[in-house]
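The chain contents come next:
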Amino acid sequence: MSTDSGSTSTDTGSVSTDSVGANIVPRTFSGIQPTGDVPHLGNYIGALRNWVDLQESTDGIYCIVDLHALSVPREPGEVGRATLQMARVMLAVGIDPQRSILFVQSRVREHSELAWFMQCVTAFGELRRMTQFKDKSEANEFVSSALFTYPTLMAADIVLYDTDIVPVGDDQRQHLEIARDVSQRFNSRFGEVLVVPEARIAEVGARIMDLQSPGNKMSKSSDSILGTVTLADTEDEIARKFKRAVTDNDADVRFDPVTKPGVSNLLSILGAAKRTDPVTEAENYTQYGPLKADTAEAVIEMFRPIQKRMAELDDATVTELLGVGEDRAREKASEVMERVRRAVGLF
Ligand code: AQP
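About the thresholds
Residues numbered from 1 in each chain as written. Predicted model: local features only at pLDDT ≥ 70, side-chain atom pairs only at ≥ 80, totals over all residues. Heavy atoms only, no water. Helix = DSSP H or I, 4+ residues; strand = E, 2+ residues; numbered from the N terminus. Rg over C-alpha atoms; globule rule 2.2 N^0.38 Å. Buried < 20%, exposed > 50% of the residue type's maximum accessible area, 1.4 Å probe, protein only. Contact = heavy atoms within 4.5 Å. Lys, Arg positive; Asp, Glu negative; His and termini not counted. Charge placed at Lys NZ, Arg CZ, Asp CG, Glu CD. Near = heavy atom within 4 Å. Polar contact = N/O pair within 3.5 Å; in protein donor to acceptor, adjacent residues only side chain to side chain. Areas by Shrake-Rupley, 256 points an atom, 1.4 Å probe, with all protein chains shown as cover. Arc of directions from axis to C-beta. Salt bridge = Lys/Arg side-chain N within 4 Å of Asp/Glu carboxyl O.

(A) Here's a closer look at the overall build of the chain. The secondary structure content of the chain amounts to 13 helices and seven strands. Against the compact-globule benchmark of 20 Å for 347 residues, the chain has a radius of gyration of 21 Å, which places it among compact chains. Overall size of the chain, expressed as C-alpha extent along the three principal axes, is 70 × 45 × 40 Å. Split into buried and exposed, the 347 residues of the chain put 52% on the buried side. Within the chain, contacts between residues separated by at least 24 positions form 75% of all contacts whose residues are at least 6 apart in sequence. Computing the positive centroid from 38 side-chain charges and the negative centroid from 52, the chain places the two 2 Å apart.

(B) The site of the ligand, seen in detail. The environment of the ligand is formed by 23 residues, the closest being His-40, Lys-136, Asp-171, Lys-220 and Ser-221. In this structure, Asn-43 approaches the ligand through a side-chain N or O atom, which is 3.1 Å from an oxygen atom. Take Asp-171: an N or O atom from its side chain is 2.4 Å from an oxygen atom of the ligand. Considered on its own, the ligand offers 640 Å² of accessible surface; in the complex 98% of this is hidden by protein. When residues of the shell around the ligand are traced back to their parent elements, those giving at least two are strand E3 (27–32) and helix H1 (41–54).

(C) Structural view of unusual backbone geometry. Positive phi values are uncommon outside glycine, yet Asp-162 reaches one of about 50 degrees. Structurally, Asp-162 is set in the loop between helix H7 (145–159) and strand E6 (165–168). Taking the relative accessible area as the measure of exposure, Asp-162 reaches 0% and is therefore buried. For Arg-275, which is not a glycine, the phi torsion comes out positive at approximately 55 degrees. Tracing the backbone shows Arg-275 in the loop between helix H10 (261–274) and helix H11 (278–282).

(D) Helix H9 (residues 235–243), seen in detail. Residues Ile-238, Lys-241 and Phe-242 constitute the buried set of H9. Each buried residue of H9 sits inside an arc of 95 degrees when the element is viewed along its axis, so together they form one side. The outward face of H9, more than 90 degrees from its buried face, is lined by the exposed residues Asp-236 and Lys-243. Along its buried surface, H9 packs onto H1, H10 and helix H12 (288–312).

(E) Spatial organisation of the pattern of salt bridges. One pass over the full model with this rule turns up 27 salt bridges. A salt bridge links Arg-99 to Asp-96, with the nearest nitrogen and oxygen atoms 3.4 Å apart. Residue classification places Arg-99 among the partly exposed positions, given a relative accessible area of 37%. You can call Asp-96 partly exposed: its relative accessible area is 23%. A single network of salt bridges, built from pairs that share partners, joins Arg-107, Glu-326, Asp-327 and Arg-330.

Spelled out as structure tokens, the structure:
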């Protein structure tokens, strides 16, 4: 394979590659949008917590994808403020800047540059099939072209770091498939230049649903306050939200997401919080009340240390750590971008 990517490592963690597709330690990349005030329970269980776990065995690169957040209308300053808050949360949940790279997407210009190359090998019809585009375009009055091409920027985000593994929630499955397809297409046209990534979707908690509408996924931008549990909620608020969670018509407690979506969602949350599984948890309950109370308690316990660290992290420390991550991300991104330019054969 032709490559110019060398082996670089720093005291603050390793970015070690000997050739394209042959990272010495598997590389993980994932991103989260700075939307909403803070991440919700679904973001935490479906994504953030897995990122923290993967730091043990992989080179982690974690990105606050602020350019993606601009694909729907935002007020001036809104995304910047949310970015700082998101970084605080990511550090508080356990993203370790000594081991992983944590940075902001817009600070590394190669993301936008590579996105153009990805668009050039993505078919219009492929993008038209994306269910998230259909959902979000229905929900917004102004539908930007960026919302439509979003998966090509996401593909660029991933391949820019020779990523092997992308840990995401189930809602991102289709976007990961398109990232794989376009990177394979790019390689078949221009040579083995890009690493083709693989999705890593957790078995438990990959799709946490809204507590009030268990047919919809819990989402930062939903206006269902009672249905969304966030890392900013107090213990009382969490207890109240679970107490009022919508359950199902019959009184049985069993894990059956199709016929019992409300109860199954509670069991998934409880299983994820206790790192057990929902089917086993179901055996411990015959009534909804105790299930709701125990699920609330498990979430409160899980969030408590994170909320404590969030309160301790000041803006200056968070900003400084993002700067360190940015420099390390740019170093890697510029290598891959140069490889792409050369492979395409630009002037
Ligand atoms: N409900 C969910 N259950 C499990 N995982 C989830 N994720 C999102 N919602 C759930 C995962 O969280 C990561 C970051 O998501 P994102 O911020 O990039 O955007 P999203 O998937 O569009 O999440 P939201 O919360 O619904 O944000 P908005 O409302 O702004 O679009 C991803 O890995 C995602 O899979």
